[in-house]
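Chain residues, written in single-letter form:
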Amino acid sequence: MTFARSALCALAVAPLLLLAACDDSEAWHRLSPGWERMQVQARAETFGESPVFTDGRAMRTPPPETLSRQAEDVPGDEQPDGGYVATIPVPVDAAMLARGRAQFESVCAACHGIRGDGVSVVASKMQQRKPPSLHEPRIRALSDGELAAIVRRGYGFMPALASTLDARDRWDVVAYVRALQTSWETRTP
Ligand code: HEC
């Protein structure tokens, strides 16, 4: 084989080699050292047996008073026949307001301000539509269901918070927002 011919051959083969190098489908087999140990470790199947517990089952009953993340027992913000729920569909008490306050101050206040008046560091940095004051007449006029739905789905530049606040948390927050709005209305300037 002449030099020219072998050079030509190498040129023809090179793209194939390159393509072969792209096939990384086996990459997950080459885990970093120590990960093999995790792949082969003993583990329980959800509905399987386990010698660890006296009843022989792997799955455990959640401790009493465990709260469901889905909060299935709490009604949502939409009515079955369309439209939003007009008022908070669960009894509002002091404990609910306290929970709502904790959620509001850790989730909403960063953007809407600790008093809900739209004064926050985030708002001061936002160029376009800022988090509004929750005391604006238009927002006060929203139904409880609409407020809860805004938190669930997000609104424009506001992120959806359904994964942070479940249905019960959202009603808690709505109750606290109503308390904030009332205290704002009756405040002494
Ligand atoms: C990351 C910042 C951020 C967080 C957190 C946030 N909001 Fe907002 N919110 C916004 C912005 C920005 C808007 C205006 C969006 C627009 O007009 O595009 C807004 C709009 C709203 C509105 C008005 C919607 C309308 O009809 O004009 C309500 C009500 C509201 N937020 C309530 C809440 C509540 C309650 C929480 C906490 C559960 C919350 N937001 C958390 C940024 C935030």
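Scroll up for the structure.
All of these numbers come straight from a predicted model, not from anything done at the bench. (Residues numbered from 1 in each chain as written. Predicted model: local features only at pLDDT ≥ 70, side-chain atom pairs only at ≥ 80, totals over all residues. Heavy atoms only, no water.)

1. Section: the coordination of the iron atom of the ligand
For the iron atom of the ligand, the full set of protein donor atoms is H112 (NE2) and M158 (SD), and the range of their distances to it is 2.0 to 2.2 Å. Here the iron atom of the ligand binds 6 donor atoms, and the angle range of 84 to 179° at the metal identifies the geometry as octahedral. Within this pair, whereas H112 is found in helix 3 (residues 94-112), its partner M158 is found in the loop between helix 6 (144-153) and helix 7 (167-185), the two being separated by 46 residues in sequence. What makes M158 partly exposed here is its relative accessible area of 24%. (Donors = N, O, S within 2.8 Å, 3.2 Å for Na, K, Ca; no water. Tetrahedral: all angles 85-135°; square planar, octahedral: opposite > 155°, others 65-115°. Helix = DSSP H or I, 4+ residues; strand = E, 2+ residues; numbered from the N terminus. Buried < 20%, exposed > 50% of the residue type's maximum accessible area, 1.4 Å probe, protein only.)

2. Points about the environment of S143
Topologically, S143 is positioned in the loop between helix 5 (137-140) and helix 6. Given a relative accessible area of 17%, S143 falls into the buried group. Other than its neighbours up to four places away in sequence, S143 contacts Y84, V85, A86 and R178. (Contact = heavy atoms within 4.5 Å.)

3. Focus on the site of the ligand
Neighbouring the ligand are 23 residues; C108, C111, H112, R138 and M158 lie closest to it. A distance of 2.8 Å separates a nitrogen atom of the ligand from a polar side-chain atom of H112. Measuring from an oxygen atom of the ligand, one finds a side-chain N or O atom of R129 at 2.8 Å. Elements supplying a minimum of two residues to the shell around the ligand: helix 3, helix 5 and helix 6. A per-element tally of the shell around the ligand places helix 3 first, with 4 residues. Its residues assigned to classes, the shell around the ligand shows 18 nonpolar, 2 polar and 3 charged. (Near = heavy atom within 4 Å. Polar contact = N/O pair within 3.5 Å; in protein donor to acceptor, adjacent residues only side chain to side chain. Nonpolar A, V, L, I, M, F, W, Y, C, P; charged D, E, K, R; others polar.)

Scope: geometric values only; no functional claims are made or implied.
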